[in-house]
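This is what each chain is made of:
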Protein chains: 2
Amino acid sequence: MRLHAVKTKVVSIGDDLVKIILASLNEQGLQLEDNDVLAVTSKVVAIAEERLVKLSSVKPSDRAKRIAKKFSLQPELAELILYEAGEIYGGVEKAVLTLKNKVLTANAGIDNKNAPKDYVVLWPGNPKKSAERIREEIRRKTGAKIAVLVVDSGLVPLRKGTVGLALAVAGFKPVKDCRGELDIYGKLLAITQHAIADDLASAAHLLMSEAAEKTPVVLVKDAPVEFDDGAYDSAEMMMPFKECIFTSTFLGDADDSKKAQDLRSSKL
Amino acid sequence: MRLHAVKTKVVSIGDDLVKIILASLNEQGLQLEDNDVLAVTSKVVAIAEERLVKLSSVKPSDRAKRIAKKFSLQPELAELILYEAGEIYGGVEKAVLTLKNKVLTANAGIDNKNAPKDYVVLWPGNPKKSAERIREEIRRKTGAKIAVLVVDSGLVPLRKGTVGLALAVAGFKPVKDCRGELDIYGKLLAITQHAIADDLASAAHLLMSEAAEKTPVVLVKDAPVEFDDGAYDSAEMMMPFKECIFTSTFLGDADDSKKAQDLRSSKL
């Protein structure tokens, strides 16, 4: 498997992202071929799709102000989190844990990093559609039948730092079900699934970095994935609350997200 | 960055792992160079170090029997988990959530996959020392100054399937602290750390796969990591309970792992 970090110009509101990606690949002498995977940060997808909000344009509610105070957030950001998140559970300094598009993520995915001053970037409105659109556009413009992976930064319990997280995939199966497979001794596998898309998102995330590298795209060649014509979002990569070893342990017999403490329905 | 899956013979108890790795690289025409990273599954490290237990040799306690019944585990496995885990919190069918070597992991890392029939494999006794030893032995035998990464399968809350998790590293910094760095607009970064070793472990895990591929080693060239002569285990990659967005939310103001429900001190 080979991964190439692709340097681009700074992506701005309303830019033609596919045009920028193709120009950047061309400048760096990188050729798109069938069964390549193009990993793209959710950040530039969202910016191109104009999913930015100027914080001063937001009027925080009293509830947003209380949440902001508790977790040292800007009240305007807290208000946006209340709007964007499916659920809000709790948090730490500067970050609240939310359920957004069936992903447990910090601050509903809203982030001011690599956003213009005073702006924050939301997640793409529909990451799966974005992945499909980029895939189809590249097919139309180059003839190459590639796959697209939308990558965000994710967190793992008790681990320092961020890893890559797949928000959506177009063109390969994000989770490999190993049921029925045998191990090297011919025994049936008990742990049955492999988070292919998250592993690949982490590989790409390593090259995208977190600061000013301006490499929001990674071209992956010879990825060991099962290519298809499907498109998948986080719903397809989600484990139910009661089957997840973490939520099941910490929330008891919760069979949906509602059993978790939602800050919106608490005294906050 | 280029990753090569390295096929090996089946690693058996007491095998000389470095010898097997060097022979396999040689057969596949792969050359070790300075600043390569060799990712190795914790499984083959543990097997070579004789960290296997025959389940029938374990006598389960009454507490192990109760835990086994609650989570549909073999009582002998539950007994081993009680012995190996620092803490045991709860679980789901066939998996209990434990703290082991400062990592939240299923079943204290004990696994029967790719273990000989009736045996289970524990984690390496000291993954950091194993990583250092492999690195030094390869240096001695080949002259190449490489880095070594010990990889296990990990879980992410509410995500289907396993991803790669770094148990130990020798030869590069596992976590990049981005404090003081600027984003593309010159703003200081708020989210300050990048889990380099976990991202790279996931990249390698993608090629190692989960079944009978017999590729327990991945050679990584041009990894964007900061090489050094240090060795690191999960203690260096661990976030304190009270700073972790997940544990802080689900356990409240817990400032150590003790606030989590430990099954050993509960009525179980």
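All values reported here derive from a predicted model rather than from experimental measurement.

K.L.:
What should I look at first to understand the domain arrangement of chain A in this one?
P.N.:
Residues and elements named next belong to chain A. Taken as a whole, chain A is organised into domain 1 (1-49 + 128-237) and domain 2 (52-122 + 241-268). Between the C-alpha centres of domain 1 and domain 2 there is a distance of 25 Å. Contact residues are listed per partner, giving 11 residues for domain 1 and 11 residues for domain 2. At the boundary of domain 1 with domain 2, total buried surface from both sides reaches about 1000 Å², with 62% on carbon and sulfur atoms. Linking domain 1 with domain 2 are 1 salt bridge, by the criterion used here. Linking K43 and D111 is a salt bridge whose minimum nitrogen-to-oxygen distance equals 3.0 Å. Along the contact surface separating domain 1 from domain 2 lie 3 residue pairs in polar contact (both at pLDDT 80 or more). Mapped by element, the contributors of at least two residues to the side of domain 1 that touches domain 2 are α2 (42-48) and α7 (234-237).

K.L.:
Looking at this structure, I do not really get the sheet that holds strand β6 (residues 103-106) of chain B. What am I missing?
P.N.:
Sheet strands line up and pair through hydrogen bonds in the backbone, either parallel or antiparallel. Residues and elements named next belong to chain B. Judged by pairing direction, the sheet is antiparallel, and its 3 strands sit side by side in the order β4-β5-β6 without closing on themselves. Edge strands, defined here as strands with exactly one partner in the open sheet, are β4 (87-92) and β6. Adjacent strand axes in the sheet meet at a mean angle of 25 degrees, parallel and antiparallel pairs treated alike. Bridge analysis of strand β5 (residues 95-100) against β6 gives 4 bridges, and the strand direction is antiparallel. Across the sheet, the residue bridging to K100 is V103, located in β6.

K.L.:
What is the right way to look at the packing of aromatic side chains in this model?
P.N.:
By convention here, two paired aromatic rings are described through the distance between centres and the angle between planes. Applying the stated criterion across every chain, the model contains 3 aromatic pairs over all chains. Judged by centre distance (6.4 Å) and plane angle (40 degrees), the rings of Y89 of chain A and F250 of chain B are tilted. Residue Y89 of chain A is located in strand β4 (residues 87-92), and its partner F250 of chain B is located in helix α8 (residues 245-251); the two belong to separate chains. Each member of the pair, Y89 of chain A as well as F250 of chain B, carries the same accessibility label: buried. A residue is classified by how much of its surface remains accessible, and F250 of chain B, at 14% relative accessible area, is buried.

K.L.:
Before we go on, may I ask you to explain the packing of helix α1 (residues 17-27) of chain A against helix α5 (residues 127-142) of chain A in this structure?
P.N.:
Think of two packed helices as two axes; the pair is described by the angle between the axes and how far apart they sit. All names here are of chain A. Two elements in contact, α1 and α5, have axes whose closest approach is 10 Å; the angle formed by their N-to-C orientations is 55 degrees. Taken together, the axis directions place α1 and α5 in an arrangement best described as oblique. The handedness of the crossing between α1 and α5 is right-handed. Residues L17, V18 and L22 of α1 pack against I134, E137, I138, K141 and T142 of α5. In the contact of α1 with α5, the residues fall into 5 nonpolar, 1 polar and 2 charged.

K.L.:
In this structure, what is going on with the packing of helix α6 (residues 196-208) of chain A against helix α6 (residues 196-208) of chain B? I would like to understand it.
P.N.:
Two elements in contact, α6 of chain A and α6 of chain B, have axes separated by 7 Å at closest approach and are oriented at 130 degrees. Taken as axis vectors, α6 of chain A and α6 of chain B run oblique relative to one another. Between α6 of chain A and α6 of chain B lies a crossing whose hand is left-handed. Contact residues: α6 of chain A offers I196, D199, L200, S202, A203, H205 and L206 of chain A, while α6 of chain B offers I196, D199, L200, S202, A203, H205 and L206 of chain B. The class makeup of the residues in the contact of α6 of chain A with α6 of chain B is 8 nonpolar, 4 polar and 2 charged.

K.L.:
Help me out: how do you make sense of the pairing of β5 of chain B in this one?
P.N.:
Remark: a regular strand shows side chains that alternate across the two faces of the sheet. All names here are of chain B. Within β5, 6 of the 6 residues are buried, which leaves the element mostly enclosed by the surrounding structure. Side chains A95, L97 and L99 of β5 all project onto a buried face; the interleaved residues V96, T98 and K100 project onto the opposite face, where all are buried too. Strand direction decides the pairing type here: β4 and β5, joined by 5 bridges, are antiparallel. What sits directly across from E87, in β5, is L99. Joining the antiparallel neighbours β4 and β5 is a turn of 2 residues, in which K94 adopts a positive phi near 75 degrees. Hairpin connection, β5 to β6: the antiparallel pair is bridged by 2 residues, and N101 has positive phi, about 50 degrees.

K.L.:
Quick question: what am I supposed to make of the sheet that holds strand β6 (residues 103-106) of chain A here?
P.N.:
All names here are of chain A. Strands sit in the order β4-β5-β6 across an open sheet of 3 strands; the sheet is antiparallel. Strand pairing shows two members of the sheet lacking a second neighbour, β4 and β6, which therefore form its edges. Neighbouring strand axes in the sheet, compared pairwise and without regard to direction, differ in orientation by 25 degrees on average.

K.L.:
Sorry, what's going on with the environment of L17 of chain A here?
P.N.:
Residue and element names in this part refer to chain A. Relative to the helices and strands, L17 resides in helix α1. For L17, a relative accessible area of 7% corresponds to the buried category. Measuring from C-alpha to C-alpha, the distance between L17 and V44 comes to 7.8 Å, with 27 residues separating the pair along the chain. Beyond its immediate stretch of four places on either side in the chain, L17 contacts V11, V40, V44, V45, A48 and I134.

K.L.:
Whenever I open this one, the relation of the copies chain A and chain B confuses me. Can you help?
P.N.:
For the pair of chain copies, the relating operation is a rotation around an axis with a shift along it. The two copies are related by a screw operation: chain A maps onto chain B through 180 degrees of rotation and 0.0 Å of translation along the axis, at an RMSD of 0.0 Å. Such values leave the two copies arranged in the relation of a two-fold axis. Of the interface residues in chain A, 100% have counterparts in chain B that sit at the interface too, so the contact is made through matching surfaces.

K.L.:
Honestly, the interface of chain A and chain B in this entry has me stumped. Any pointers?
P.N.:
Quite often, the size of an interface is put as the accessible area lost when its parts meet. Each partner contributes residues to the interface: chain A has 81 residues there, and chain B has 81 residues. Between chain A and chain B lies a buried interface of about 7300 Å² when both sides are counted; carbon and sulfur atoms form 69% of it. Its largest share of buried area at the contact with chain B, chain A owes to L158, R159 and K160 of chain A, together 13% of the area lost on that side. A salt bridge links R159 of chain B to D198 of chain A; its shortest N-O distance comes to 2.7 Å. Run the count over chain A and chain B and you get 34 residue pairs in polar contact (both at pLDDT 80 or more). It is α6 of chain A that provides the largest number of residues to the side of chain A that touches chain B, a total of 9 residues. Residues that form the side of chain A that touches chain B fall into these classes: 48 nonpolar, 16 polar and 17 charged.

Quick notes on the rules
- Residues numbered from 1 in each chain as written.
- Chains lettered and ligands numbered in written order.
- Predicted model: local features only at pLDDT ≥ 70, side-chain atom pairs only at ≥ 80, totals over all residues.
- Heavy atoms only, no water.
- Domains from an automatic or database assignment.
- Contact = heavy atoms within 4.5 Å.
- Buried area = accessible area lost by both parts, 1.4 Å probe.
- Salt bridge = Lys/Arg side-chain N within 4 Å of Asp/Glu carboxyl O.
- Polar contact = N/O pair within 3.5 Å; in protein donor to acceptor, adjacent residues only side chain to side chain.
- Helix = DSSP H or I, 4+ residues; strand = E, 2+ residues; numbered from the N terminus.
- Pairing = 2+ DSSP bridges.
- Axes fitted to C-alpha atoms, helices over the stretch in contact; angles between N-to-C directions.
- Phe/Tyr/Trp six-rings, centres within 6.5 Å; stacked < 30°, edge-to-face > 60°.
- Buried < 20%, exposed > 50% of the residue type's maximum accessible area, 1.4 Å probe, protein only.
- Parallel < 35°, antiparallel > 145°, perpendicular 65-115°, else oblique.
- Left-handed = near helix turned anticlockwise from the far one by under 90°.
- Nonpolar A, V, L, I, M, F, W, Y, C, P; charged D, E, K, R; others polar.
- Least-squares fit on C-alpha atoms with pLDDT ≥ 70 in both.

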